[in-house]
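Structural overview for review
Each chain is listed here by its residues.
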Amino acid sequence: MLIGGDFNQKAKHLILLLDQLSKSNSEQKIEVERIVKEMGMDRVEVKNLLEYLENKEFIDVATIGGPFLYGHITITERGILKAKSLK
């Protein structure tokens, strides 16, 4: 998968959103459906972004299932640190 500037900007926006939704708590589960609504993107694009962030160890998949493949995710401590560095 080629990672371009637009993709990177969306990934940055997503990691900041995840930090906000979790209140910087790595144990807080976040509904993927809510992420899709907040980001205003289709589920395939969000899935690709989540896979990218998971490979970077910024998130963990907490539950599998539902219409968005992943049910819930959590932001990792590494993800929280990344979000803080982007602010």
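Because the structure is predicted, anything quoted here is derived from the model rather than measured.

**A short note on the pattern of salt bridges**
In this structure the tally under the stated criterion is seven salt bridges. Put simply, aspartate 19 and lysine 87 hold a salt bridge, and the shortest N to O gap is 3.0 Å. In this pair, aspartate 19 sits in helix H1 (residues 5–22) while lysine 87 sits in the segment after helix H4 (77–86), placing the two residues 68 residues apart along the sequence. Judged by its relative accessible area of 2%, aspartate 19 falls in the buried class. Taking the shortest distance from any N to any O, the salt bridge between lysine 47 and glutamate 51 comes out at 2.6 Å. Highlighted residues: lysine 47 and glutamate 51, both in helix H3 (residues 43–55), separated by four residues, approximately one helical turn. Of the residues examined, glutamate 51 reaches a relative accessible area of 23% and is grouped as partly exposed. One network of salt bridges, with partners in common, ties together Asp19, Lys84 and Lys87.

**Looking at the pairing of strand S3 (residues 70–75)**
Counted residue by residue, S3 has five buried out of six residues, so it is predominantly covered. As paired strands, strand S1 (residues 30–31) and S3 are joined by two bridges and run antiparallel to one another. Opposite isoleucine 30, over in S3, you have isoleucine 73 as the bridge partner. Where strand S2 (residues 59–64) and S3 come together, five bridges link them in antiparallel fashion. The partner of aspartate 60 across the bridge, within S3, is threonine 74.

**Focus: the nonpolar core**
Core analysis: the largest hydrophobic core is formed by 24 residues, its most contacted members being Leu14, Leu18, Ile35, Leu50, Leu53 and Ile73. Mapped onto this core, the elements with two or more residues apiece are H1, helix H2 (32–39), H3, S3 and H4. With residues up to four places along the chain from it excluded, the contact list for leucine 50 reads Leu14, Val32, Ile59 and Tyr70.

**Points about the sheet that holds S3**
Strand order across the open sheet formed by three strands is S1-S3-S2, with antiparallel pairing between neighbours. Bordering the open sheet on either side are S1 and S2, each of which pairs with just one other strand.

**Things to note about the packing of H1 against H4**
Orientation of H1 relative to H4, taken along the N-to-C sense of each, is 110°, at an axis distance of 9 Å. The pairing of H1 with H4 is recorded here as roughly perpendicular in orientation. Crossing hand, H1 versus H4: left-handed. Facing H1, whose interface residues are Lys12, Ile15, Leu16 and Asp19, H4 presents Gly79, Ile80, Ala83, Lys84 and Leu86. When grouped by side-chain class, the residues that make up the contact of H1 with H4 number five nonpolar, one polar and three charged.

The rules behind these values
- Residues numbered from 1 in each chain as written.
- Predicted model: local features only at pLDDT ≥ 70, side-chain atom pairs only at ≥ 80, totals over all residues.
- Heavy atoms only, no water.
- Salt bridge = Lys/Arg side-chain N within 4 Å of Asp/Glu carboxyl O.
- Helix = DSSP H or I, 4+ residues; strand = E, 2+ residues; numbered from the N terminus.
- Buried < 20%, exposed > 50% of the residue type's maximum accessible area, 1.4 Å probe, protein only.
- Pairing = 2+ DSSP bridges.
- Core = buried A, V, L, I, M, F, W, Y, C linked by side-chain atoms within 4.5 Å.
- Contact = heavy atoms within 4.5 Å.
- Axes fitted to C-alpha atoms, helices over the stretch in contact; angles between N-to-C directions.
- Parallel < 35°, antiparallel > 145°, perpendicular 65-115°, else oblique.
- Left-handed = near helix turned anticlockwise from the far one by under 90°.
- Nonpolar A, V, L, I, M, F, W, Y, C, P; charged D, E, K, R; others polar.

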